[in-house]
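Below, each chain spelled out in residue letters.
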Amino acid sequence: MHSSISSCLNILVKSRAPLVCHIFCKVIDNFGDAGVCWRLARQLASQYRWQVHLFIDKLATLACLAPGLDTTCDQQVLAGVFIERWHKFRFTKPRAFSINNADVVIEAFACHLPPLYLAAIAQRPSRVAWINLEYLSSENWVTDFHLRTSPHPYYALTKTFFFPGLNAHSGGVLCEQNLDAQRRAFIESESERSCWWATFGIPKPDPTAIIVSLFSYENLALDGLLEQWRDGTDPLVLLIPEGQVSKSTARFFNRSAGLSTFTAGTSVNVCALSAYVLPFISQIDYDKLLWSADVNFVRGEDSFVRAQWARKPFIWHVYPQTNNVHLLKLDAALSYIGSTLEPCPRDALIRFWHAWNGNITYGLPDWRDFIQYREAFESRAHTWADELSSIGDLAEHLSVFVQNILK
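Residues numbered from 1 in each chain as written. Predicted model: local features only at pLDDT ≥ 70, side-chain atom pairs only at ≥ 80, totals over all residues. Heavy atoms only, no water.

Draft legend 1. Layout of the packing of helix H10 (residues 283–292) against helix H11 (residues 302–309). Packing of H10 against H11 leaves a shortest axis separation of 9 Å and a crossing angle of 50°. One finds that H10 runs oblique with respect to H11. With respect to the hand of their crossing, H10 and H11 are arranged in right-handed fashion. Two secondary-structure elements touch here, H10 through Gln-283, Tyr-286, Asp-287 and Leu-290 and H11 through Asp-302, Ser-303, Arg-306 and Ala-307. (Axes fitted to C-alpha atoms, helices over the stretch in contact; angles between N-to-C directions. Helix = DSSP H or I, 4+ residues; strand = E, 2+ residues; numbered from the N terminus. Parallel < 35°, antiparallel > 145°, perpendicular 65-115°, else oblique. Left-handed = near helix turned anticlockwise from the far one by under 90°. Contact = heavy atoms within 4.5 Å.)

Here it is, written out as C-alpha cells:
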C-alpha cells in the first residue's frame, strides 16, 4: 500500500462518522459477480469501517462463498456486512426501509438501481457518491474511461464509472491489507499446511510432484491436457474444486480409469497423475489452495486476481465471448504479466494461455513446453505481484475517491 494513501485514509476515517455504503449485485452467471462484491463489502467494512449493506439477488450463490450465510433469511449480518436479499418487491414500498441514507452507492457491473431507490437518493439533502463498478480489464481503453462521469437525465445525480485494472491509471484490483502476511504465514507454517491437506483427506504430496489447482470453465482442451499429465514422466497432483470443470474431468477418468463417480472427496491415480476433488470452498480456503499449488489454473475475474496475489505461475481462462473478443483481454493481461520475461518463456506463456482459451492458431496446450520455464514464471510471479501492489488496491482507490467527493 502507498504510505501517502494510507496516511490520507487514516486521517479521513478518524475525522468523520462511518460512511454508509449500499452495494447492489445481480448474479448473472457463475460466482464472479457475487465473489467480487463480497470481497469488496468485507474489505470496506473491516478495513475502512464503513457501514456496508450488500443487496444481492441470489443468496444461494453467495452462500457458496460465505459459510454461515442463511439462505432462508432475507436480512442478516455476516462478517460485519449487512446482507439483504434483493428481489423485485424489495423497493416497491418507500417505508419498507430507509433507502435514502447511503453516502455511497455502488452499482456493481451495471446492474441498474431500482427506480424507487434512485428517486429516494436523489432527494437526499447531502451529496451521494454514486459509482458504477465495472468488470476488470487491462485493455488500453480502460484508462480513458476510468472515473468518467455520467449525469442522470433528470435527477441531480452523477454516476462515476470505476474500472478495476492492472495499471496506475485504473482502479487497481482488490487486495486486503494483510493478505500477503497471511500468505507468508501459511507457507512458512508446516503445521498449518499439513492441517490444510488433512482437512480434505489428501495425503501430503511427494516433494518431487508438481501440484496443480484446476478451476476453469468447460474447456475442450482439457482432455488433451489430462492425457499429458497422465503420460508424463514427473508425478503431478491435481486439485479440482467441485464445479463445472470437475464434470469434464469425471468423463476423462471414467474412460481412462473406469471411475463411476467424481464428486467431492473422490481421488484417482492413473500413471503419473493423481487427482483429488475438493468441495466447493470458501474464499479464504481458496486462497490457501492457490498458495498450496505450484501452478494454478483460474477463470473469470475473482480467481484471476487472487492468483496474482498468490505469487505462483498461473493460467487464466477468460470468460468466453462471441467473435473471440475475450482474446483481446487475454493479450492485454499478458502484456503486463509477461512484460519482463525473456523471449522464450514469454512466448511459451502466450502459446499456452491462448491454446487454453481456444485460440486455434496455437493448437492444443503443450504442458511440457510451458512447464520447462517454471523457474522463470515463479520469479516473474513475485515481481509482478510487487508491481501490482505498488499501484494500490481497488478498495484504497475507491475510498480515497469517495472521501474526496464527499468532503
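The structure having been displayed, the exposition proceeds.
Draft legend 2. View of the nonpolar core. Core analysis: the biggest nonpolar cluster contains 74 residues, and Trp-229, Leu-238, Leu-239, Phe-297, Trp-353 and Trp-367 have the highest contact counts within it. Leu-40, Ile-56, Val-81 and Val-402 belong to the second-largest nonpolar core, a separate cluster that totals 41 residues. (Core = buried A, V, L, I, M, F, W, Y, C linked by side-chain atoms within 4.5 Å. Buried < 20%, exposed > 50% of the residue type's maximum accessible area, 1.4 Å probe, protein only.)

Draft legend 3. Focus on the sheet that holds strand E5 (residues 104–108). Spatial ordering of the open sheet is given by E3-E4-E2-E1-E5-E6-E8-E7, a layout of eight strands whose pairing is mixed. Two strands in the sheet have a free side with no partner beyond their single neighbour: strand E3 (75–78) and strand E7 (149–151). Neighbour-to-neighbour, the strand axes of this sheet turn through a mean angle of 25°, independent of strand direction. The sheet contact formed by strand E6 (residues 129–133) and strand E8 (residues 158–162) spans four bridges and is parallel. Within the sheet, the bridge partner assigned to Trp-130 lies in E8 and is Lys-159. Packing against the sheet, helix H2 (residues 32–47) makes contact with strand E1 (20–25), strand E2 (51–56), E3, strand E4 (81–85), E5 and E6, and its axis sits at approximately 170° to E1. (Pairing = 2+ DSSP bridges.)

Draft legend 4. Highlighting the pairing of strand E12 (residues 273–278). Counting buried positions along E12 gives six out of six residues, so the element sits mostly inside the fold. Neither face of E12 is open: one carries Leu-273, Ala-275 and Val-277, the other Ser-274, Tyr-276 and Leu-278, and all of them are buried. Bridge count for strand E10 (residues 236–241) against E12 is six bridges, and the pairing is parallel. Looking at E12, one finds that Pro-241 is bridged to Leu-278. For strand E11 (residues 267–270) and E12, the ladder comprises four bridges, and the chain directions are antiparallel. Along E12, the bridge assignment pairs Ser-267 with Tyr-276. Linkage of E11 to E12, two consecutive antiparallel strands, is achieved through a turn of two residues, within which Cys-271 is found at a positive phi near 55°.

Draft legend 5. A look at the pairing of E4. Sheet topology places E2 next to E4; four bridges connect them, and they run parallel. Bridge assignment links Phe-55 to a residue of E4, and that residue is Glu-84. By the bridge criterion, four bridges tie E3 to E4 in an arrangement that is antiparallel. Residue pairing for E4: Gln-75 is matched across the bridge by Glu-84. Between E3 and E4, which follow one another and run antiparallel, lie two residues, and Ala-79 among them has a positive phi close to 55°.

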